[in-house]
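Observations on the model geometry
Chain residues, written in single-letter form:
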Amino acid sequence: MLLSLQGSFPPAILALADGTVFVGHSIGATGTTVAEMVFNTAITGYQEILTDPSYCQQIVTFTYPHIGNCGVNEEDVESDEIHAAGLVIKNLPPLASNFRATATLAQYLVRGQTVAIANVDTRQLTRLLRSRGAQNGAIIGLAAGQQVTPARIDEAIALARAAPDMAGRDLARVVSTATRYPWTQTGWRLGSGHGQLAQARFHVVAYDFGVKKTLLRMLAERGCRLTVVPAQTPADQVLALRPDGVFLSNGPGDPAPCDYAIAATQQLIASGLPMFGVCLGHQIMALASGARTFKMDHGHHGANHPVQDLDTGRVSITSQNHGFAVAPDSLPACLRATHISLFDGTLQGLERTDRPAFCFQGHPEASPGPHDIAYLFDRFTALMENA
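In what follows, the accompanying structure is described. All residue numbers refer to position in the chain's written sequence, counted from 1. Where local features are concerned, this predicted model is filtered to residues with pLDDT of at least 70; where side-chain atom pairs are given and counted, the filter is 80 or more; whole-chain, interface and lining totals use all residues. For the side-chain quantities, the full set of heavy atoms in the structure was used; hydrogens and water were omitted.

1. Some thoughts on the pairing of strand E4 (residues 58–62)
Our working definition: Relative accessibility decides the category of a residue: with a 1.4 Å probe and only protein chains considered, values under 20% of the type maximum give buried, values over 50% give exposed, and everything between is partly exposed. The way it works is that DSSP assigns letters per residue, a run of H or I at least four long becomes a helix, a run of E at least two long becomes a strand, and they are numbered from the N terminus. Note on pairing: DSSP must find at least two bridges between two strands before they are called paired.
Within E4, five of the five residues are buried, which leaves the element mostly enclosed by the surrounding structure. Residue alternation in E4 divides its side chains into two sets, Gln58, Val60 and Phe62 and Ile59 and Thr61, and both sets are buried. Taken together, the five bridges between strand E3 (residues 31–40) and E4 define a ladder with parallel strand orientation. Paired with Met37 across the two strands is Ile59, which belongs to E4. Examined bridge by bridge, E4 and strand E5 (residues 86–88) share three bridges and lie parallel to one another. Bridged to Ile59 within E5 is Gly86.

Written out as structure tokens, the structure is:
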């Protein structure tokens, strides 16, 4: 236990559905959270991960032991709020040191009403999730003066066991924007902050299934003026905007229940518009093309995942965040594999053989992780240029 936490933070309880219990300190909001437990192997980027809508209804634990070193700021967010259902870490550093920091991680979690626990053996927790597969968990952040009791432990275990499974849950419509909006903001630069698109070469409609802001910025960097639309937008409304291309964003949950998105994607692919899908968008494009998806044992969450481009043999280190994957034995003749994971051989990239449409399972913008796979954005703009 870090001496700096003793006496400063009240106790907290983490319980898994299998009955495993950890006791630590509450470093976030007082209260209870219940969700699927996932581990993330990234060393940096805790603020980007917490605000990634793809983590909706997931409690994130980091394998890296020190989380919070750099504090938080107002610019390194992937959405306007914390979407992770909770946070589990080993050590909360006593000092947050960064010239851009505007608050500590603990202050940010309290402000975002996010329940979190520190002083947990995250190495043991990760081994449990790897060996037994993903399972639900519950965190109880106690108030000052409250104590851990057998009754509160039993309560935490019961909450974890009663939580719904992630399979079959459509969360894209939960995190999606309610209204259409334009986007022209580009990447961040030291000294000047985020830029603005100066001259648009293309107009792209981006489906928001839980989109990360950096994905939109990467497209804007390449001359794309974006119209971001809600997840349930029909294809006819997209076609009426006369875009040069369509982008299917990342997002949380099971892709199979997103029948509205699958139907729209089928119609948009048939129209011949260039299309690019990422993460949940990758899975939706696969389903719209006739493939199947399945729930993974513990998913891919981190910034160190090697992926091979099957066309060139090139290996890229990528950022990943998904609990579902496309079944390789379900690919129809109109789909071909373009990328595979070198960790477990799962499909990472697909391309339509009859239409200008392709998709990738990881997060190619990878902010703040590796940028090896960013060439996919150039591939998308090349498709629009050729069209």
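Now, onward.
2. Focus on the packing of aromatic side chains
As a reminder, the rule being used: Each pair of aromatic rings taken from Phe, Tyr and Trp, with Trp reduced to its six-membered ring, is defined by centres within 6.5 Å and is described as stacked if the planes are under 30 degrees apart, edge-to-face if over 60, and tilted in the remaining cases. The criterion for a charge sitting over a ring is simple: Lys NZ or Arg CZ within 6 Å of the ring centre, and within 35 degrees of the ring normal.
Inspection of the entire model under this criterion finds five aromatic pairs. Between the aromatic rings of Phe247 and Phe276, the centroid separation amounts to 5.6 Å while the plane-to-plane angle is 65°, which identifies the pairing as edge-to-face. One end of the pair, Phe247, is in strand E13 (residues 245–248); the other, Phe276, is in strand E14 (residues 275–278), and 29 residues separate them in sequence. The class for Phe247 is buried, based on a relative accessible area of 0%. On the accessibility criterion, Phe276 (0% relative accessible area) is buried. With centroids separated by 4.7 Å and ring planes inclined at 20°, the aromatic side chains of Phe276 and Phe358 adopt a geometry described as stacked. In this pair, Phe276 is assigned in strand E14 and Phe358 in strand E19 (residues 357–360), connecting sequence segments 82 residues apart. The burial state of Phe276 is the same as that of Phe358; both residues are buried. Taken together, Phe247, Phe276, Phe358, Phe377 and Phe380 form an aromatic cluster joined through their ring pairs. Over the ring of Phe358 we find Arg379; its NZ or CZ atom is 5.8 Å from the centre of that ring.

3. Considerations on empty space enclosed by the protein
The method is simple in principle: a probe with the dimensions of a water molecule rolls over the atoms, and the space it marks as empty is what remains. Operational definition: Buriedness of a pocket was judged along seven lines, with at least five required to meet protein on both sides within 12 Å; pockets are open sets of points on a 1 Å grid over the protein atoms alone, cavities are sets where a 1.4 Å probe fits but cannot get out, and lining residues have an atom within 4 Å of a point. Grid points are joined across faces, edges and corners, and a volume is the space filled by probe spheres set on the points. Any residue that is not Ala, Val, Leu, Ile, Met, Phe, Trp, Tyr, Cys, Pro, Asp, Glu, Lys or Arg is counted as polar, Gly included; the first ten are nonpolar and the last four charged.
Counted by the stated rule, this structure contains one cavity of 30 Å³ or more. Taken together, 16 residues make up the lining of the largest cavity; nearest its centre are Gly251, Pro252, Gly253, His322 and Gly323. Among the secondary structure elements, those contributing two or more residues to the lining of the largest cavity are helix H9 (280–288), strand E15 (293–309) and strand E16 (315–326). Top element by residues in the lining of the largest cavity is E16. It accounts for four residues. In the lining of the largest cavity, the residues fall into five nonpolar, nine polar and two charged.

4. As for the layout of surface pockets
Its boundaries defined by the atoms lining it, the largest pocket holds a volume of some 630 Å³. Taken together, 31 residues form the lining of the largest pocket, with Glu48, Asp76, Arg100, Ser367 and Pro368 sitting closest to its centre. Listing elements by their share of the lining of the largest pocket, those giving two or more residues are helix H1 (46–50), strand E9 (185–189) and helix H6 (213–221). There is about 300 Å³ of room inside the second largest pocket. The wall of the second largest pocket is formed by 18 residues, among which Ser79, Asp80, Val175, Tyr181 and Asp208 lie closest to the centre. For the lining of the second largest pocket, the secondary structure elements donating two or more residues are helix H5 (172–175), strand E8 (181–183) and H6. For the lining of the second largest pocket, the class distribution of residues is seven nonpolar, five polar and six charged.

5. Brief notes about the sheet that holds strand E11 (residues 202–208)
Where we set the bar: Orientation is described by axes fitted as lines to C-alpha atoms, over the contacting stretch for helices, and by angles from 0 to 180 degrees between their N-to-C directions. The contact definition used throughout considers only heavy atoms, calling two residues in contact when any of these lie within 4.5 Å.
The mixed open sheet is built from 10 strands, whose spatial order is E8-E12-E11-E13-E14-E19-E18-E17-E15-E16. Since the sheet does not close on itself, it has two edges, and those belong to E8 and E16, each with one partner. Here the strands of the sheet are splayed against their neighbours by 25° on average, with no regard to which way each runs. In this structure, E13 lies alongside E14, joined through three bridges in parallel fashion. Residue pairing in the sheet places Phe247 in a bridge with Phe276 of E14. In the packing of helix H8 (residues 259–271) onto the sheet, contacts are made with E11, E13, E14 and strand E18 (347–352), and the angle to E14 comes to roughly 150°.

6. Some words on H6
Within H6, eight of the nine residues are buried, which leaves it mostly tucked inside the rest of the structure. Along H6, the residues classified as buried are Lys213, Thr214, Leu215, Leu216, Arg217, Met218, Leu219 and Ala220. The first or second residue beyond H6 is Gly223, which carries a positive phi of 85°.

7. Some thoughts on the sheet that holds E5
Strand order around the closed barrel formed by seven strands is E1-E2-E6-E5-E4-E3-E7, with mixed pairing between neighbours. Averaged over all pairs of adjacent strands, the angle between their axes in this sheet comes to 35°, without regard to strand direction. Bridging between E3 and strand E7 (residues 135–141) involves seven bridges; their strand directions are antiparallel. Note on E7: the bridge partner recorded for Glu36 is Asn136. Contacts from helix H3 (residues 122–132) reach strand E1 (11–16), strand E2 (21–26), E3, E4, E5 and E7 within the one sheet, and its direction differs from that of E3 by about 75°. Contacting E1, E2, E3 and E7, helix H4 (residues 150–162) runs over the sheet at an angle of about 145° to E7.

8. Quick look at the side chain of Arg217
Counting through the fold element by element, Arg217 comes out in helix H6. Those residues in contact with Arg217 that lie beyond four places of it in its chain are Glu75, Val77, Trp183, Gln185, Thr186, Gly187 and His194.

9. A closer look at H3
To keep things clear, this is the line we draw: As used here, the arc is the angular range of directions from the helix axis to the C-beta atoms.
When H3 is considered as a whole, its buried residues turn out to be Thr122, Leu125, Thr126, Leu128 and Leu129. The arc that holds the buried residues of H3, viewed along the axis, is 160°, so those residues lie on one side. Opposite the buried face of H3, by more than 90 degrees, sit the exposed residues Arg123, Arg127, Arg130 and Ser131. One or two residues past the end of H3 sits Gly133, with phi positive at roughly 85°.

Purely geometric stuff here, so don't read any function into it on its own.
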